[in-house]
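Residues per chain are reported as follows:
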Amino acid sequence: MDRDMSRHPKQTGATVKAVGGSGGEGNGGGPVGTGGAGGECRATAEEGEKRVLNERLMEQVLDPENLRAAYLAVKANKGAPGIDGIGTEELGEHLRKHWPGIKAKLEEGRYRPSPVRAAEIPKSGGGKRRLGIPTTVDRLIQQALHQVLDGIFDPDFSEHSYGFRRGRSAHKAVKAARAYVVEEDRSWVVDIDIKSFFDNIDHDILMRMVAERVKDKRVLKLIGKYLRAGVLEKGKVKRGSKGTPQGGPLSPLLGNICLDALDKELERREVAFCRYADDVTIYAKSQRSAERILESITKWIERNLKLEVNREKSGVRPPDEGSFLGFRIEENGKIAMSKKSMRAFKEKARAHWDRGRSKSGREVLESWQKFVRGWIGYYRLSERTWDWEDLEGWLRRHMRKWFWLRWHNWKGRRNAFARLKVRACHRRMAHSGRGAWRMAKMLGVVLTNRWLHEHGFWVPSDLVRAEATPT
């Protein structure tokens, strides 16, 4: 299996289109629906074909081309092993030995997924985000399911839904939000915060939504098993009637299926909104209207989806306050970084340089380059470049502080100054007893901005200028 699966783009959010498809165009003599008995017969035949295909979805999931695409996506996304300890590098060999048996169980509806491994990652606003890491085999199966189900559900998702969908992104959601504010003069924003959304999705409600489109009982049974597989934590498997743990390829699609009902309700009410996964913002022309919408939609979500709206984090605000996907819309209509995003950037940068003394210089530098590249790649959407430019002196000072502490004592600093060919008048700094933060400011004459840049200690504007410079 490993040899056959060799070329496929890396997936972010697991959104590869199914190769097997879900039915094609009729092969009659003319387009469907052009009138007459022939057109009606062809339409009826197509509907029947789609119904048969929908009832045989497992065959599409297990189609070799679909599996090959899923395998390459899992390999490209890498990720940590699940509870069985099998990583993506060992997956191919494992499948060569065990896939026939796994496939037979899937075809017969007897496959039982493994519990996910509990993990946590830090959230940008503080706290921890709970993850559930499936085994690599289950990630492969979930990815194959996703690729087929995505073709069934995604075409009917709302145009105002931007998360984990092909051709859509957080940046497009922010630009749509700006259009509401600038072009439609909607000067109030309703923030809806659904408390621990992925941990609280009601299984019964979600499975009813899936069953409206999916008729293959084996696929429905398999999705239900994934929802109930449980989480292995501290040696015990915890199962419940709620939640689809983040960490597997299937959970983003299931989240979108669940919240598509909310999208349809908002469309029915003809309100302006943007949704990216469980981040929902609604745009109104007055504060009073925004408050009414918040109250009624909160009740609708809690009554119909059995989800709790966090009233402390939800509310109404002007567009230039708060945060939507890390951005805010200023009064002049420009997109700017939110204050929350700026605080998060400073916290991460400070932590990186403060904790980096226990790692090798190469590790610290490569980790910083990866972080700052990703950060500017996302926040370059901001039209207020001075937000990060004003921080760059502060960033370089943290870098110089890192060097000062890494040199340990006056002997180490003296040797470093000699290697750097520092002028004699500046070498006296090596003997200073002042604090590291204060000395970091004075080190600007030794570790100049140009030196830092040339040695890869970049700040955001370095990358922006490099991208703008023709090669």
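Keep in mind that what you see is a predicted model, and the values were worked out from it rather than measured.

**Q** Describe the side chain of R396, naming the residues involved and giving the relevant values.
**A** Along the chain, R396 turns up in helix α15 (residues 392–406). Not counting residues up to four positions away in its chain, the partners in contact with R396 are N449, L452, V459 and D462.

**Q** Describe the sheet that holds strand β1 (residues 116–122), naming the residues involved and giving the relevant values.
**A** If you trace the four strands from one edge of the open sheet to the other, you get β2-β1-β4-β5, paired in mixed fashion. Two strands close off the open sheet at either side, each with one partner strand: β2 (128–133) and β5 (236–238). Ignoring strand direction, the axes of neighbouring strands in this sheet form an average angle of 45°. Pairing between β1 and strand β4 (residues 231–233): two bridges, direction parallel. The residue bridging R117 from the neighbouring strand is L232, located in β4.

**Q** Lay out empty space enclosed by the protein in plain terms, naming residues and giving numbers.
**A** For the structure shown, the criterion picks out three cavities of 30 Å³ or more. Lining the largest cavity are 15 residues, with V116, Q142, Y226, T244 and P245 positioned closest to its centre. When its volume is computed, the second largest cavity comes out at roughly 70 Å³. Lining of the second largest cavity is provided by V174, A177, V189, Y283, R317, P319, F324, F327, R328 and I329. No other element matches the three residues that strand β9 (residues 327–329) contributes to the lining of the second largest cavity. A class-by-class count of the residues in the lining of the second largest cavity yields eight nonpolar, no polar and two charged.

**Q** Tell me about the pairing of strand β3 (residues 188–193), and name the residues and values.
**A** With five of six residues buried, β3 is to be regarded as a mostly interior element. In the sheet, β3 pairs with strand β7 (residues 279–284) via six bridges, with the strands oriented antiparallel. Across the sheet, I192 pairs through a bridge with V280, a residue of β7.

**Q** Could you give me a rundown of the sheet that holds strand β8 (residues 315–317), with the residues and numbers involved?
**A** Strand-to-strand pairing in sheets goes through backbone hydrogen bonds, with the strands running parallel or antiparallel. Pairing is antiparallel across the open sheet formed by four strands, whose spatial order is β6-β7-β3-β8. If you trace the sheet from one side to the other, it starts and ends with β6 (272–276) and β8, each paired once. Geometrically, the sheet is characterised by an average inter-axis angle of 20° between neighbouring strands, direction not taken into account. Against the sheet, helix α6 (residues 170–183) contacts β6 and β7, and its axis sits at roughly 165° relative to β6.

**Q** So, the nonpolar core: which residues are in play, and what are the values?
**A** Within the largest apolar cluster, 66 residues are counted, with the highest numbers of intra-cluster contacts made by L149, I192 and I282. Element by element, the count of residues in this core is highest for helix α5 (residues 136–153), at nine residues. Look past the residues within four positions of I282 in its chain and what remains in contact with it is W188, V189, V190, I192, L266, V271, A272, F273, I293 and I297. Residues F403, A416, L443 and V446 belong to the second largest nonpolar core, which totals 57 residues.

What counts as what
- Residues numbered from 1 in each chain as written.
- Predicted model: local features only at pLDDT ≥ 70, side-chain atom pairs only at ≥ 80, totals over all residues.
- Heavy atoms only, no water.
- Helix = DSSP H or I, 4+ residues; strand = E, 2+ residues; numbered from the N terminus.
- Contact = heavy atoms within 4.5 Å.
- Pairing = 2+ DSSP bridges.
- Axes fitted to C-alpha atoms, helices over the stretch in contact; angles between N-to-C directions.
- 1 Å grid on protein atoms, 1.4 Å probe; cavity = no way out; pocket = protein on both sides within 12 Å on 5 of 7 lines; lining within 4 Å.
- Points joined across faces, edges and corners; volume = space filled by probe spheres on them.
- Nonpolar A, V, L, I, M, F, W, Y, C, P; charged D, E, K, R; others polar.
- Buried < 20%, exposed > 50% of the residue type's maximum accessible area, 1.4 Å probe, protein only.
- Core = buried A, V, L, I, M, F, W, Y, C linked by side-chain atoms within 4.5 Å.

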